[in-house]
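Structure at a glance
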Amino acid sequence: MKAGRRTFLKSVGVASLATTLPLTACTGPKAPAVIGSSKMKLSFRPYELQLQHTFTVAGNSRNTTPVVLTEIEYEGFTGYGEASMPPYLGESQESVMNFLKKVELGQFKDPFLMDDILEYVDFIDKGNRAAKACVDIALHDLMGKMVGQPLYKLWGLNPDHTPMTSFTIGIDTPDMVRTKTEEARRFKVLKVKLGGGNDREMIETVRSVTDVPLYVDVNQGWKDKHAALDLIHWLSEQGIEFIEQPLPKTQVDDMAWLTENSPLPIIADEAFQRISDVAIFKGVYSGVNIKLMKSTGLREAHKMITVARAMDMQVMIGCMTETSCAVSAASQLSPLVDWADLDGNLLISNDLYEGVQVVDGKITLNELPGIGIMKLES
Ligand code: MG
């Protein structure tokens, strides 16, 4: 790797930061912090997403999700970005904003130096993947707006090749599962969360309402590989297409055994974060679930799809609970994947953007430049 270049970029960033202090603290939604000394300026603010239903997966329940919204301004154009922090990721609004205060974009001549800029951002500190993603997304949006084209066109992707998106049904009582499944009738694929101790009841309840294909996400909720395989054999007879993260990510040998013996593809989610993980998990999983909040954004996610394909692995693109900002960004890559689970914006009641739409269950890209969104309020 280009160690010398990275050291140089990091030192430039630190030196530049020192000359632009003091930094403005973020003071709330109406007064975003502005960091930067030249034309390109990064601002950010915290925001709380309200979920339409309590969302339960193996391990936790929640009614809200904290996010941080970013904007990068340059020569009259504004790019939008977002970091979403469900609790299990280990990031928070505070950690994201503390990271963003260190990001000095003013040192770069223009947004088209994306490779240099995002490498510099990556080396400010380790981890902080969602924080890095919200810079990456805003920068891609800005670049697309400056050239007047949506990202999928700049990447040469055919919008007709977008997949259906699944809609997620969380772990709940049979009555609530039935209600949620009926509300999701416009979707052609559903993703059902399992691992809560009522797996067969969950599937049977969903199946009492609909015959659409189902994805299953266990969120590491099963512990025994033999019991897991028995259940997967039963699920393979229920119209299930794949199983996501059935065992804890630490049970690597058990997962490899399960993948080898399973009649359904096994997809890595919690175990899988960045591009270096793709090679590690060849043979352990059938495929990978790529999410911008794990991959540090679009730039690395795009590369990860290429690497996974080269290794003959299947590719899914997913999301956290997010506004239409981050979901529309991820959708720009969706013509490249086998499966999409891009429903995060549809689970909330206070979206701030309008972007990608779901038409007859299919992800439908628009002609708006960049990540394809319009801001609904300031
Ligand atoms: Mg998952």
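In what follows, the structure referred to is the one given above.
This section reports on the structure supplied with the text.

Ligation of the magnesium ion by protein atoms is provided by D217 (OD), E244 (OE) and D269 (OD), these donors lying 2.1 to 2.3 Å from the ion. Spacing between the donor residues of the magnesium ion along the chain follows D-x26-E-x24-D. With a gap of 52 residues between them, D217 in strand β7 (residues 214-217) and D269 in the loop between β9 (266-268) and α10 (276-280) connect regions that are remote in the sequence. Taking the relative accessible area as the measure of exposure, D217 reaches 1% and is therefore buried. Judged by its relative accessible area of 2%, D269 falls in the buried class.

Our next topic: the packing of aromatic side chains. Taken as a whole and judged by the stated rule, the model has six aromatic pairs. A ring pair is formed by F108 and Y120, whose centres lie 5.4 Å apart and whose planes are at 55 degrees; its orientation type is tilted. Here Y120 lies in helix α3 (residues 114-122) and F108 lies in the loop between α2 (93-100) and α3, a separation of twelve residues in the sequence. Summarising the burial analysis for this pair, F108 and Y120 share the class buried.

Turning to the side chain of E82, a few remarks are in order. Relative to the helices and strands, E82 is located in strand β4 (residues 77-84). Despite its burial, E82 pairs with no opposite charge, the nearest such side chain being R45 at 10 Å. A distance of 2.6 Å separates polar atoms of two side chains, one belonging to E82 and the other to T323. At 3.1 Å, the side chain of E82 forms a polar contact with the backbone nitrogen of A326.

Okay, helix α6 (residues 174-183) next. Among the residues of α6, V177, K180 and T181 are the ones counted as buried. Here the buried residues of α6 occupy an arc of 100 degrees about the axis, which is enough to place them on one side. In α6, those exposed residues whose orientation departs by more than 90 degrees from the buried face are D175 and E183.

Of all five residues that make up strand β6 (residues 189-193), five are buried, and the element is covered over most of its length. Burial of the side chains of β6 extends over both faces: V189, K191 and K193 are buried on one face and L190 and V192 on the other. Bridging between strand β5 (residues 166-169) and β6 involves four bridges; their strand directions are parallel. Residue pairing across strands places F167 opposite L190, the latter belonging to β6.

Before going further, it helps to spend a moment on the packing of α3 against helix α4 (residues 129-147). In a pair of packed helices, the angle between the axes and the distance between the axes together describe the arrangement. Contact geometry of α3 with α4 gives a least axis separation of 10 Å together with a crossing angle of 165 degrees. It follows that α3 is roughly antiparallel to α4 by the angle criterion. With respect to the hand of their crossing, α3 and α4 are arranged in right-handed fashion. Across from M114, I117, L118, V121 and D122 in α3, the residues of α4 making contact are K132, V135, D136, L139, H140 and M143. Residues belonging to the contact of α3 with α4 are distributed by class as follows: seven nonpolar, one polar and three charged.

Criteria and cut-off values
- Residues numbered from 1 in each chain as written.
- Predicted model: local features only at pLDDT ≥ 70, side-chain atom pairs only at ≥ 80, totals over all residues.
- Heavy atoms only, no water.
- Donors = N, O, S within 2.8 Å, 3.2 Å for Na, K, Ca; no water.
- Helix = DSSP H or I, 4+ residues; strand = E, 2+ residues; numbered from the N terminus.
- Buried < 20%, exposed > 50% of the residue type's maximum accessible area, 1.4 Å probe, protein only.
- Phe/Tyr/Trp six-rings, centres within 6.5 Å; stacked < 30°, edge-to-face > 60°.
- Lys, Arg positive; Asp, Glu negative; His and termini not counted.
- Salt bridge = Lys/Arg side-chain N within 4 Å of Asp/Glu carboxyl O.
- Polar contact = N/O pair within 3.5 Å; in protein donor to acceptor, adjacent residues only side chain to side chain.
- Arc of directions from axis to C-beta.
- Pairing = 2+ DSSP bridges.
- Axes fitted to C-alpha atoms, helices over the stretch in contact; angles between N-to-C directions.
- Parallel < 35°, antiparallel > 145°, perpendicular 65-115°, else oblique.
- Left-handed = near helix turned anticlockwise from the far one by under 90°.
- Contact = heavy atoms within 4.5 Å.
- Nonpolar A, V, L, I, M, F, W, Y, C, P; charged D, E, K, R; others polar.

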